[in-house]
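For reference, the chains in residue letters:
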Amino acid sequence: MINFEIDGKPVSVPKNGTVMDGANQLGIYIPHFCYHKKLSIAANCRMCLVQVEKAPKPLPACATPAMEGMKVFTHSGQAVTAQKGVMEFLLINHPLDCPICDQGGECQLQDLAVGYGASSSRYTEAKRVVANKNLGPLISTDMTRCIHCTRCVRFGQEIAGIMELGMAGRGEHSEILAFVGKTVDSELSGNVIDLCPVGALVSKPFRYSARTWELSRRKSISPHCGLGSNLIVQIKQNRVMRVLPRENEEINECWLSDKDRFSYEGLNSEERLTRPMIKQGGVWQECDWQTALEFVANGLKDVKEKYGAESIGALGSAHSTLEELYLLQKLVRGLGSASVDHRVRQSDFRADSQMQGAPWLGMPIAEVAQLKSLLVIGSILRKDHPLLAHRIRQAVKHGAELNVINPVDDDLLTKVRNRAIVAPDKMVSMLAEVLKAIAELKGVEIPDDAKNALSTVSASDTARAMATSLSDNKPAAIFIGNLAQHHPRYTDICKLAQHIAQISGVRFGVLGEAANSVGAYIAGAVPFGNHDADIAGDRHGGQGANASQMLGMDEMASGTGCKAYILLNLEPELDCYNTRRAVKTLAAADLVVMMSAYKNHSAIQDNYADVLLPIAPFTETSGTFVSTEGRVQSFNGVVAPLGETRPAWKVLRVLGNILQLNGFDYETSEQVRADVLPAGNDVSAWLNSNLGSLAVNPIEAGEENKGSEGLQRIGEVPIYQADLIVRRAESLQRTRDAAAPLAWMSGSLMAQLNLQTEEVIRLRQGEGEVQLPVAQDDKLPANCIRVASAHPSTAALGGMFDLITVEKS
């Protein structure tokens, strides 16, 4: 430690610490613009000049290393004179348009100009003007205000992992600009708005809609990705106007993904459902809550009497709160059915009988950056988990080795040590190769439940390199991503990854898709057992139909499909593994109740829904999310419910009372949470990604699809189609990531099929077909077509990883 003094106060900082570090430790504020604790030192604004004893001139506090015994003065005459001189230079070309600047009231330059600026300028020459830049639909520019602190440039290079902004020119002619013809398209781009200390970069959706002093600030939790990012939601007249990050070093640090930051526009969408609606005689009519709930209760009773309780099913979303999912499953089980599930995009449920607990990350989020080796299986990492991808990039910067097994080779904006880009049906055999390699490396026997399956497998050089990486670098982890969770052999992937982790002595985890992916298991929103019968214990609650069986997607199961459905925060035509079959199954039901914040046009047009109940999104209700690391985070509503919207937990509570079910006498969401979680909110007993003694299915030589019956579809979920709110965020839907899907395939496959780029082709899956333009990606595996799911233009197709055929239009 280095010991020195700042303004007469002793302080100690680690070796290589700076004067600024010591000042922050003491709570002494030194004015600055370019310095940021998460970015590298630039020392180009010079605003943090301080006096150092025996130094011939003022020195920048951010770049001056602490020396033993040095004495620093931050408010001496010399320091203040230097700081005022810098401020005068900064204001020479700055347009003094604070009354119309959108940054007014929260501008660092404006604040410091009050303390360090002169009452008038000595500069009488014409000020320079810089042309504004088009950086895309999320960031608005006024580059004349730029003071060239380069925070935005450094953020792109060091945090986002991609240099989208840079500085050109010298001196007075310096400009911050994007590459010619390019916009800023990073999934973390909105953070440059927070970083900009002046009004040069501001939020385009928020611009000119409110002043900062008009806004109330409320704490909340993001429902979108598995991390449960902490938010500050800013309100004006009961309307969400803006979302900013709430700093939490253990989760999102001081950053937010664009999905979390700009999705609030969907909360104010014109598609919001504000009154209950019932379909009577094929015509939709608005009604009051009493009429709607009695209609639902009577409909459920009729179905139960006519077909039996097991004909009633419920499907929820992991974007719903713990309380909502708990009451949903409690309602269905109270009626006598165990058919409740939240895993609507999953296609393989073979592991249900052997699950040991709720699949989770396997470690705290904050420890990801300390890993020395990672194996990520089946994930569009940057788009599925933007902030987790950032932590992995930081780990790689510090020497970690990243290994990837995936059907697509999107740029992760970081160095990948070993990659296996294979067709979906080869992912299991690739993992089996890694298992065989790690067993040989460690000199141990392959576990009995996988030995027979691996009899035809031999380890490739890539598999051996991955095994060595995991074995030789600790700490290490294996993560299973969203694509793998949707895979038709998800159980085998989990089991093989579990064995690799156990033999190599590394962590094993599953990346949760939504903020409450872990909480959904804890709430009992699964068809095996219930909350009171711990999912890791005795499943005396009975075995119900899973999501695949309820939606008629499990062709091997008898009696698939239900006669009555309760859908919570779902749009089945976009949110299911096989959307076409899901809609067809729902249309054949006697009763479909949709609890949603939005008018579901497909539910109305496709004629499968019977009741629409307006429920509150996360900003209009209180609740709890359990993140992918098992962190319990509760939040309150930040605005009053819109129109006649009601929190879903209240709707389910009243419905339970009307049906005269026991245990629905809650008055607050906190009472519901107390029934779900133990004292102290310790959920560690539920957290376990391992499977029991389930055997891996055989991996036979030549089992991979060769294209004789069709090509393999790779159907990932685009970043801005993942949930109901994001789909209705207008600015996000204008970004490059939200572009309409294309039929991506390799050049060799295009030549084989005699296709040209941008040629429109007909794609078929079963009875469904769509027409899409062709696009070329030579990094895709052979005999594979990448066609995004969860999008209206591809909703008519079948399973996300099923076979697909191509015809010329």
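No experiment lies behind these values; they were computed from the predicted model shown.

## Some details on the UniProt feature "domain: 4Fe-4S His(Cys)3-ligated-type" (unreviewed entry) in the protein chain
Mapped onto this numbering, the UniProt entry gives "domain: 4Fe-4S His(Cys)3-ligated-type" (unreviewed entry) at residues 78–117. In this annotation, residues 78–117 is assigned 60% helix and 0% strand; the end-to-end C-alpha distance for the span is 16 Å.

## What to know about the domain arrangement of the protein chain
Per the domain assignment, the segments making up the protein chain are domain 1 (2–92), domain 2 (277–350 + 517–686), domain 3 (365–511) and domain 4 (711–808). Between the C-alpha centres of domain 3 and domain 4 there is a distance of 26 Å. Contacts between the two partners involve 17 residues from domain 3 and, on the opposite side, 14 residues from domain 4. The contact between domain 3 and domain 4 buries some 1300 Å² in all, and 65% of this surface belongs to carbon and sulfur atoms. It is Lys383, Pro424 and His486 in domain 3 that bury the most area against domain 4; as a group they hold 33% of the surface buried on that side.

## Quick look at the sheet that holds strand 12 (residues 239–245)
An order of 10-11-12 is seen for the 3 strands of this open sheet, with the pairing classed as antiparallel. Only two strands of the sheet have a single partner each, and these edge strands are strand 10 (216–221) and strand 12. Going across the sheet, the axis of each strand differs from the next one's by a mean of 35°, ignoring polarity. Pairing of strand 11 (residues 230–236) with strand 12, which is carried by 6 bridges, proceeds in the antiparallel orientation. Bridging from a neighbouring strand, Ile232 pairs with Leu244 of strand 12.

## Some details on the packing of helix 8 (residues 322–334) against helix 21 (residues 648–658)
Viewed as axis vectors pointing N to C, helix 8 and helix 21 meet at an angle of 20°, and their least axial separation amounts to 9 Å. Judged on the interaxial angle alone, helix 21 and helix 8 are roughly parallel. At the point where helix 8 passes helix 21, the crossing takes the left-handed sense. Listed contacts from helix 21 to Glu324, Leu327, Leu328 and Leu331 of helix 8 are Ala648, Trp649, Leu652, Arg653, Leu655 and Gly656.

## Some words on unusual backbone geometry
In this chain, Lys474 is followed by Pro475 through a cis amide linkage whose omega measures 0°. As for its position among the elements, Pro475 is in the loop between helix 13 (461–472) and strand 20 (476–480). Residue Lys54 is not a glycine yet carries a positive backbone phi of 75°. Examined against the element boundaries, Lys54 turns out to sit in the loop between strand 3 (49–52) and strand 4 (59–60). Even without glycine at this site, Glu253 takes up a positive phi of about 55°. By the secondary structure assignment, Glu253 is in the loop between strand 12 and helix 6 (258–262).

## Observations regarding the layout of surface pockets
One number sums up the size of the largest pocket: a volume of about 1100 Å³. Along the wall of the largest pocket there are 34 residues; nearest its centre are Lys383, Asp410, Arg736, Asp737 and Trp744. For the lining of the largest pocket, the leading source of residues is helix 9 (residues 381–384), giving 4 residues. Partitioning the lining of the largest pocket into residue classes produces 17 nonpolar, 2 polar and 15 charged. A domain split of the lining of the largest pocket shows at least three residues from each of domain 3 (365–511) and domain 4 (711–808).

## Some thoughts on empty space enclosed by the protein
Applying the stated criterion across every chain, the model contains 11 cavities of 30 Å³ or more. By volume, the largest cavity amounts to about 520 Å³. Elements with a contribution of two residues or more to the lining of the largest cavity: helix 14 (482–486), helix 16 (517–522) and helix 23 (724–727). With 4 residues, helix 14 is the largest single contributor of residues to the lining of the largest cavity. Approximately 200 Å³ is the volume attributed to the second largest cavity. What lines the second largest cavity is a set of 17 residues, and nearest its centre among them are His319, Asn569, Pro617, Phe618 and Ile725. When the residues that make up the lining of the second largest cavity are grouped by side-chain class, the tally is 9 nonpolar, 6 polar and 2 charged. Residue-level mapping places the lining of the second largest cavity at the junction of two domains, with at least three residues from each of domain 2 (277–350 + 517–686) and domain 4 (711–808).

## Topic: the sheet that holds strand 4
Taking strand neighbours across the sheet as the criterion, the 5 strands line up as 2-1-5-3-4 in an open arrangement whose pairing is mixed. Every other strand in the sheet has two partners, leaving strand 2 (9–13) and strand 4 as the edge strands with one partner each. When strand 3 meets strand 4, the two strands line up antiparallel, connected through 2 bridges. The partner of Val50 across the bridge, within strand 4, is Leu59. Helix 1 (residues 19–26) contacts strand 1 (2–6), strand 2, strand 3 and strand 5 (71–73) of the sheet and is inclined by roughly 120° relative to strand 2. Sheet strands touched by helix 2 (residues 77–92): strand 3 and strand 5. Its angle to strand 3, the strand with the most contacts, is close to 155°.

## As for helix 8
In a regular helix each residue adds 1.5 Å, so 13 residues correspond to 18 Å; helix 8 covers 18 Å between its end C-alpha atoms and thus fits that length. Most of helix 8 is tucked away: 12 of the 13 residues are buried. Leu322, Glu323, Glu324, Leu325, Tyr326, Leu327, Leu328, Gln329, Lys330, Leu331, Val332 and Arg333 are the residues of helix 8 that are buried. Residue Gly336 follows helix 8 closely and has a positive phi angle near 105°.

## A short note on the packing of aromatic side chains
Per the stated rule, a full pass over the model turns up 2 aromatic pairs. Where Phe155 meets Trp255, the ring centres are 5.2 Å apart and the plane angle is 55°; that geometry is what we call tilted. Residue Phe155 is found in helix 4 (residues 151–160), and its partner Trp255 is found in the loop between strand 12 and helix 6; the two are separated by 100 residues along the sequence. Taking 5.0 Å as the distance between ring centres and 35° as the angle between the ring planes, the aromatic pair formed by Phe625 and Phe635 counts as tilted. Separated by 10 residues along the polypeptide, Phe625 in strand 25 (residues 623–626) and Phe635 in strand 26 (residues 632–635) bring together distant segments of the chain. Accessibility classification places Phe625 together with Phe635 in one group, the buried group. Cation over ring: Arg242 sits above Phe206, and NZ or CZ is 4.3 Å from the ring centre. Against the face of Tyr307 rests Lys563, its NZ or CZ located 5.3 Å from the ring centre.

## Concerning the UniProt feature "domain: 4Fe-4S Mo/W bis-MGD-type" (unreviewed entry) in the protein chain
Feature annotation in UniProt assigns "domain: 4Fe-4S Mo/W bis-MGD-type" (unreviewed entry) to the following positions: residues 215–271. Overall, residues 215–271 shows 9% helix and 35% strand. The separation of its end C-alpha atoms is 25 Å.

About the cut-offs
Residues numbered from 1 in each chain as written. Predicted model: local features only at pLDDT ≥ 70, side-chain atom pairs only at ≥ 80, totals over all residues. Heavy atoms only, no water. UniProt positions renumbered as here; feature names shortened; annotations may be inferred. Helix = DSSP H or I, 4+ residues; strand = E, 2+ residues; numbered from the N terminus. Domains from an automatic or database assignment. Contact = heavy atoms within 4.5 Å. Buried area = accessible area lost by both parts, 1.4 Å probe. Pairing = 2+ DSSP bridges. Axes fitted to C-alpha atoms, helices over the stretch in contact; angles between N-to-C directions. Parallel < 35°, antiparallel > 145°, perpendicular 65-115°, else oblique. Left-handed = near helix turned anticlockwise from the far one by under 90°. 1 Å grid on protein atoms, 1.4 Å probe; cavity = no way out; pocket = protein on both sides within 12 Å on 5 of 7 lines; lining within 4 Å. Points joined across faces, edges and corners; volume = space filled by probe spheres on them. Nonpolar A, V, L, I, M, F, W, Y, C, P; charged D, E, K, R; others polar. Expected span 1.5 Å × (residues − 1). Buried < 20%, exposed > 50% of the residue type's maximum accessible area, 1.4 Å probe, protein only. Phe/Tyr/Trp six-rings, centres within 6.5 Å; stacked < 30°, edge-to-face > 60°. Lys NZ or Arg CZ within 6 Å of the ring centre and 35° of its normal.

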